[in-house]
Amino acid sequence: MIAQLTGVKSSKKSYYTELKKTVEQLKKKNMQLEIMNEVMKNIKVDMPLEDILENMIDKLRVLVHFNHLSILLLRDNNNLTLTNVYPDDNRYMKIGSVISNEHSLYFSALKNRQNIFQQLNDSYASFYEKEYLTDLRLKTILVLPIYSKNKKIGVLSIGRHDESHWSIDDLAFLEQLTGHLAVSIENAQLYSEVLRAKQKWEDTFKAVDDMIIIFDKDINVLQFNDSAKTFFKIIEKSNFFILEEECKTLVRETFQSQKTGYKEIHLQDHTTCELYTYPVHNNEQQVYGVIAYIKDVTEKRRMAVQLLHSGKLAAIGEMAAGVAHELNSPLTAILGNSQLLLRRTTKVDPTYPLLNDIKNCGDRCKRIIKSLLTFSRQDEYIFDFCSLNEAVEQVLNLLRYQLEKQQIMIKLLLQEDLPLIEGSQQQIEQIIINLLLNAKDALELSSEKNKEIIIKTSLQSNEVHLSVMDNGIGIEENRLSKIFYPFHTTKETEKGTGLGLSVSIGIARTHGGTIEVNSKLNKGSTFTLKLPLQLSNDVEVIS
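Owing to the predicted nature of the structure, the values given are computational and were not obtained by experimental measurement.

Trainee: Which parts of the structure should I look at to understand the overall build of the chain?
Mentor: Helix and strand counts for the chain come out as 13 helices and 18 strands. Burial status across the chain gives 40% buried among its 543 residues. Surface accessibility of the chain: about 32,500 Å² in total, with carbon and sulfur atoms responsible for 51%.

Trainee: Even after reading the chapter, I still don't get the environment of L73, so can you show me in this structure?
Mentor: Of note, L73 is situated in strand β1 (residues 68–74). The exposure class assigned to L73 is buried, which follows from its relative accessible area of 5%. When the C-alpha positions of L73 and N84 are compared, they lie 9.2 Å apart, and in sequence the two are 11 residues distant.

Trainee: Even after reading the chapter, I still don't get the packing of helix α11 (residues 388–405) against helix α12 (residues 425–444), so can you show me in this structure?
Mentor: Pairs of packed helices are described in terms of their axes, by the angle between the two and the distance that separates them. With their axes 9 Å apart at the nearest point, α11 and α12 run at an angle of 40° to one another. The orientation of α11 with respect to α12, classified from their angle, is oblique. Seen from above, α11 lies across α12 with right-handed handedness. Of α12, the residues touching α11 (which contributes L388, E390, A391, V392, Q394, V395, L396, L398, L399, Q402 and L403) are Q425, I428, E429, I432, I433, L436, L437 and K440.

Trainee: Just to check I follow, could you spell out unusual backbone geometry for this structure?
Mentor: For residues other than glycine, phi is negative in most cases, and the peptide bonds are mostly trans. Of note, the amide linkage connecting Y86 to P87 takes the cis form, showing an omega dihedral of -5°. Note on placement: P87 falls in the loop between β2 (80–86) and β3 (98–99). Look at R113: it is not a glycine, yet its phi comes out positive at around 55°. Note that R113 resides in the loop between α4 (105–112) and β4 (116–119). Despite not being glycine, R137 has its phi angle at roughly 65°, a positive value. As for its placement among the helices and strands, R137 is situated in the loop between α5 (130–135) and β5 (140–148). In this structure R137 comes out as exposed when scored by relative accessible area, which is 60%.

Trainee: How do you make sense of the pattern of salt bridges when you look at a structure like this?
Mentor: Any two side chains of opposite charge can pair, so long as their charged atoms come close to each other. Per the stated rule, a full pass over the model turns up 11 salt bridges. Residues K151 and E186 are paired through a salt bridge, measuring 3.7 Å at the closest nitrogen-oxygen approach. Here K151, found in strand β6 (residues 151–160), pairs with E186, found in helix α6 (residues 168–207); they are 35 residues apart in sequence, far enough to count as distant. Residue E186 is classed as buried on the basis of its relative accessible area of 18%. For E244, the salt bridge is made with K248, and the minimal N-O distance between the two is 3.7 Å.

Trainee: What am I meant to see in the environment of N282 here?
Mentor: As for its position among the elements, N282 is in the loop between β10 (272–281) and β11 (287–296). For N282, a relative accessible area of 23% gives the class partly exposed. In this structure the side chain of N282 is engaged in a polar contact, spanning 2.8 Å, whose partner is the backbone nitrogen of Q286.

Trainee: Please explain the sheet that holds strand β18 (residues 524–532) as it appears in this structure.
Mentor: Whenever strands of a sheet pair, they do so through backbone hydrogen bonds, lying parallel or antiparallel. Strand order in the open sheet formed by 5 strands is β13-β15-β16-β18-β17, with mixed pairing between adjacent strands. Two strands in the sheet have a free side with no partner beyond their single neighbour: β13 (409–414) and β17 (514–520). Within this sheet the neighbouring strands show an average axis-to-axis angle of 15°, counted without direction. Where β17 and β18 come together, 7 bridges link them in antiparallel fashion. Bridged to T514 within β18 is K530. Strand contacts of α11: β13, β15 (452–460), β16 (463–470) and β18, with the helix running at about 175° to β13, the strand carrying the most contacts. Where α12 meets the sheet, its contacts fall on β15, β16, β17 and β18, and the angle it forms with β16 comes to roughly 20°.

Scoring rules and cut-offs
Note that residues are indexed from 1 along each chain, following the sequence as it is written. Per-residue local features of the predicted model are confined to residues with pLDDT of at least 70, and side-chain atom pairs are confined, for both listing and counting, to 80 or more; whole-chain, interface and lining totals are unaffected and use all residues. In computing side-chain properties, one takes all heavy atoms of the structure into account and sets aside hydrogens as well as water. A run of H or I in DSSP counts as a helix once it spans at least four residues, and a run of E counts as a strand once it spans at least two, with each numbered from the N terminus. The buried label goes to any residue with under 20% of its type's maximum accessible area, the exposed label to any with over 50%, and the partly exposed label to all in between, with areas taken from a 1.4 Å probe on protein chains only. Areas reported as accessible are Shrake-Rupley estimates using a 1.4 Å probe. Residue values count occlusion only from the protein chains shown. Axis lines are fitted to C-alpha atoms, over the contacting stretch for helices. Their N-to-C directions set the angle, which ranges from 0 to 180 degrees. Here roughly perpendicular refers to angles of 65 to 115 degrees, roughly parallel to angles under 35, roughly antiparallel to angles over 145, and oblique to all remaining angles. By convention, the crossing between two helices is left-handed when the near helix turns anticlockwise from the far helix through less than a right angle, and right-handed when the turn is clockwise. Here a residue-residue contact requires only that any non-hydrogen atoms of the pair lie within 4.5 Å. Think of a salt bridge as a Lys or Arg side-chain nitrogen and an Asp or Glu carboxyl oxygen that are within 4 Å of each other. We define a polar contact as two N or O atoms separated by no more than 3.5 Å, with the added condition that, inside protein, one atom must be a possible hydrogen donor and the other a possible acceptor, whereas residues neighbouring each other in sequence contribute only through side-chain atom pairs. Two strands qualify as a pair provided that DSSP identifies no fewer than 2 bridges between them.

Next up, the structure:
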């Protein structure tokens, strides 16, 4: 009966020994299957190799006797790099260490695609890893190459403190294990590459300052960058609706024509956007999506208009200088003839006041033309000693009529003994003109009945100060830090360029000085030009 049941003609004792051995082999096979199942179950593209190994390492210890296990992967530079070590306390070589390709036991196993069993006490054996493995008190080392089809992945290294050999079944199991690990490692590497590429694309996508929106064939938004999110969040609902409808209309046209589209969109808050649409093709050259690229060109257009306006002003200035030159000739005749007639006329003569008015008006015109020619001169500005009070008088010759026409009272508080400064009087006059024109504009918008501009000069320590004070509308506190920026203006496009204060602060700094402002909303502003009595040596004088 025993012989028939077991196929072994032996005693009961032999039967139970063989049965026990068979059960142990079945348990071992079952454990191997569990490990393989654990590895396969945990093959996820987003699962780190460390987690996969930790899930199987305890069962592997029961199944296979070992004292040291390490995994080395082949990197892009064709070098083996240590990535995992068990147990952690045996880590004599740091994670990330690179194994030399020359005389390497690991690299030889990978290159030849064969298992290598090596006794470390063999004095004739010499290889790169020997010292490192000997420090771990290992007596033998088994190196198994990890391949995915014909692609090199890395090596699995297993060491023991004794000189026992590996059975054929254990080697077969470990070879199967490396095959499963190869699939897992390759998936993890591919996932990391895709993740890095995705992250790089997303970072680039988010970093673009202009708006990018991706639509599918049903005109649904698939993705948008941070700029689009921010812009659509801050604009009003009506503008949002306009931009959204215009955008979707152009996207539909792009789907139909399969060509790049363009449209300029004007919103109700005077924002101007340029909209570009680009069809996205698949491998069959079919359009499956559209990218909408939206650029806010409001500032760009405003700057272009302001620059054009500045060019017109420059042309008007040149024409004004030409007209002033042309007026000099008839003005000379008017002044000369009026003086001759005054000499021949007594003060009691009824025509004397009329002739005197002609002469006075002619002198006034002469001063205005002289100031206009001085201001519009295109020569290089030469720094010399000049008077701040005289600069004020010259500017008032040009602007007094405009100010008085607006019923603005001008009050002068000029210090008589003000010392001369080193600088360009024409440039300083330009600062004063800009400050006075700004004060005039602030008073025009004000409801104040007694409109007044106070011009004050004074000596403070080693500086001369010129203050222009008005009781106009003032400046909001949140705009005070921006008023000296180029093109910053609250005036309409046709009335201001936003360059006046920017040019003025530049001239002041060229003279080694500065402009300070103190303003309160609806109460007025005070601009103070501060210039040193002498330029410091490190101030660069420019034309």
